[in-house]
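Chain by chain, the residues:
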Amino acid sequence: MSDASARLRSALEWRAPGRAAPTDRWTPQEVAVGLSFDGRPHTVLMATPAQVEDLARGFTITEGVARADEIVSVEARTEDLGILVDVRLSEGVVRRKARPRNLEGRSSCGLCGVQRLADAVRPLPAAVEGVRIAHETVPAALADLEAAQALGRSTRATHAAAFCDPEGRVVLLAEDVGRHNALDKLAGAMAREGRDAGVGFVLVTSRCSFEMVEKAVRMGAGMIVAVSAPTDLAVRRAEESGLTLVALARADGHMVFSRPDRLVEAALEVA
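Residues numbered from 1 in each chain as written. Predicted model: local features only at pLDDT ≥ 70, side-chain atom pairs only at ≥ 80, totals over all residues. Heavy atoms only, no water.

### Side note on the nonpolar core
In summary, soluble globular proteins display a tendency toward joint burial of nonpolar side chains. Of all hydrophobic cores here, the largest spans 29 residues; its most connected members are Leu183, Leu186, Val202, Val204, Ile224 and Leu243. Elements supplying a minimum of two residues to this core: strand E8 (159-164), strand E9 (170-176), helix H5 (179-193), strand E10 (201-204), helix H6 (210-218), strand E11 (223-226) and helix H7 (232-241). At six residues, H5 tops the list of elements feeding residues into this core. The residues touching Leu183, leaving out its near neighbours within four places in the chain, are Ala161, Val202, Val204, Met212, Lys215, Ala216 and Met219. (Core = buried A, V, L, I, M, F, W, Y, C linked by side-chain atoms within 4.5 Å. Buried < 20%, exposed > 50% of the residue type's maximum accessible area, 1.4 Å probe, protein only. Helix = DSSP H or I, 4+ residues; strand = E, 2+ residues; numbered from the N terminus. Contact = heavy atoms within 4.5 Å.)

This is the structure in structure tokens:
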């Protein structure tokens, strides 16, 4: 386990019935990541100090600040108080308005400090048509994700976002203490590698709030699968955009809340 992502700590563990005993436990690191555009400060995210360039790139895309092809470079430097990441945009590109935040974007909430409702729930483009998959693909993806989560397996304190192919194999994975951060990191990595999110589906280990739905649509996905329950607004936003929303995903089943036509029985041919 990399010291940049987690730290081994001494602890006291108690299990019933029995005595307390000393043990060691990996804990995920969380640092302040200051994000700026063309040298102008924008926000501070509390995040795991790995893949911070991808975090910044993904935030830029999923928050609608700029398109992937408008990003010229992403540079990060470590300071005493955290990490500063500057995103340089193409000359002449007008930086679009992102959701305004106050001093920080906390790991638990993607909308901390939002000042106006209009900035929180914005118009969404239509989701791409994407692929169809078999229902059995979802538990296969969950099993593959469990095996791929090195940080989560060691700490049990992080979220993961993965891009899976139509057979449920994890192609790309990002982990972070914040669920929004993990999805932004994934979006950034996919943009950096030039991957099309419509040829597979997004899988997240968290609940599915409307922000997660919006981010999935903006990164070009046609389907998002979440292990926990969605909010009502998440379902509404998925329906409005045409995104397939699968939630409460478990090894023995799941629920599909919108565009169920993208999931088919195994006996049927998968497009």
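### Thoughts on the pattern of salt bridges
In this structure the tally under the stated criterion is 19 salt bridges. Across the pair Asp261 and Arg259 runs a salt bridge whose closest N-O atoms are separated by 2.8 Å. Look at Asp261 and you get partly exposed, because its relative accessible area is 39%. Three or more residues joined by partner-sharing salt bridges are found here, namely Glu214, Arg218, Arg237 and Glu240. (Salt bridge = Lys/Arg side-chain N within 4 Å of Asp/Glu carboxyl O.)

### As for the packing of H5 against H6
Describing two packed helices takes the angle between their axes plus the distance from one axis to the other. Here H5 crosses H6 at 5 degrees, and the two axes come no closer than 11 Å. Judged by the inter-axis angle, H5 sits roughly parallel to H6. Every residue of H6 that contacts H5 at Arg179, His180, Leu183 and Asp184 is listed here: Glu211, Met212, Lys215 and Ala216. When the residues that make up the contact of H5 with H6 are grouped by side-chain class, the tally is three nonpolar, one polar and four charged. (Axes fitted to C-alpha atoms, helices over the stretch in contact; angles between N-to-C directions. Parallel < 35°, antiparallel > 145°, perpendicular 65-115°, else oblique. Nonpolar A, V, L, I, M, F, W, Y, C, P; charged D, E, K, R; others polar.)

### Quick notes on the sheet that holds strand E6 (residues 82-89)
Sheet architecture is open: four strands sit in the order E4-E3-E6-E5, paired in mixed fashion. What marks the edges here is a single partner per strand, and that holds for strand E4 (40-47) and strand E5 (71-79). Each adjacent strand pair in this sheet contributes to an overall mean axis angle of 20 degrees, direction not counted. Direction of pairing for strand E3 (residues 31-37) relative to E6: parallel, over a ladder of five bridges. Counted as the bridge partner of Ser36 is Asp86 from E6. The strands touched by helix H1 (residues 52-62) are E3, E4, E5 and E6; relative to E5, the strand with the most contacts, the crossing angle is about 135 degrees. (Pairing = 2+ DSSP bridges.)

### Digging into the confidence of the model for the protein chain
Considering every residue of the protein chain, the mean pLDDT works out to 86; 86% of them sit at 70 or more. Model confidence for the protein chain, summarised as mean pLDDT per element, is weakest for helix H2 (residues 117-120) at 51 and strongest for E10 at 98. Scored below 50 in pLDDT, residues 101-108 shows 27 contacts in the model against residues more than four places distant or in partner chains. Considering only residues more than four positions removed or in separate chains, one finds that residues 110-117, a stretch of pLDDT under 50, has 19 contacts. (pLDDT = per-residue confidence, 0-100.)

### Things to note about unusual backbone geometry
Its identity is not glycine, yet Gln51 carries a phi of approximately 55 degrees, on the positive side. Relative to the helices and strands, Gln51 resides in the loop between E4 and H1. Here Gln51 falls in the partly exposed class, since its relative accessible area comes to 31%. Notably, Arg259 is not glycine yet its phi reads approximately 45 degrees, a positive angle.

### Structural notes on H7
Helical periodicity: at 3.6 residues per turn, an α-helix aligns residues three or four positions apart in one direction. Within H7 the residues assigned to the buried category are Ala234, Val235, Arg237, Ala238 and Ser241. Down the axis of H7, the buried set is contained in an arc of 165 degrees. They therefore lie on one face. Turned more than 90 degrees away from the buried face of H7, the exposed residues are Asp232 and Glu240. Contact partners of the buried residues in H7: H6, strand E12 (244-250) and strand E13 (253-258). After H7 finishes, the residue Gly242 shows a positive phi value of roughly 85 degrees. (Arc of directions from axis to C-beta.)

### Observations regarding the packing of H1 against H5
Contact geometry of H1 with H5 gives a least axis separation of 6 Å together with a crossing angle of 90 degrees. Looking at the two axes, H1 sits roughly perpendicular to H5. Packed against H1, whose contacting residues are Asp54, Leu55, Arg57, Gly58, Phe59, Ile61 and Thr62, the element H5 presents Asn181, Asp184, Lys185, Ala187, Gly188, Ala189, Ala191 and Arg192 at the interface. In the contact of H1 with H5, the residues fall into six nonpolar, four polar and five charged.

### So, the pairing of E3
Within E3, five of the seven residues are buried, leaving the element largely enclosed by the surrounding structure. Bridge count between E3 and E4: seven bridges; the pairing is antiparallel. Bridge assignment links Ala32 to a residue of E4, and that residue is Met46. Connecting the antiparallel pair E3 and E4 is a turn made up of two residues, with Asp38 showing a positive phi of about 50 degrees.

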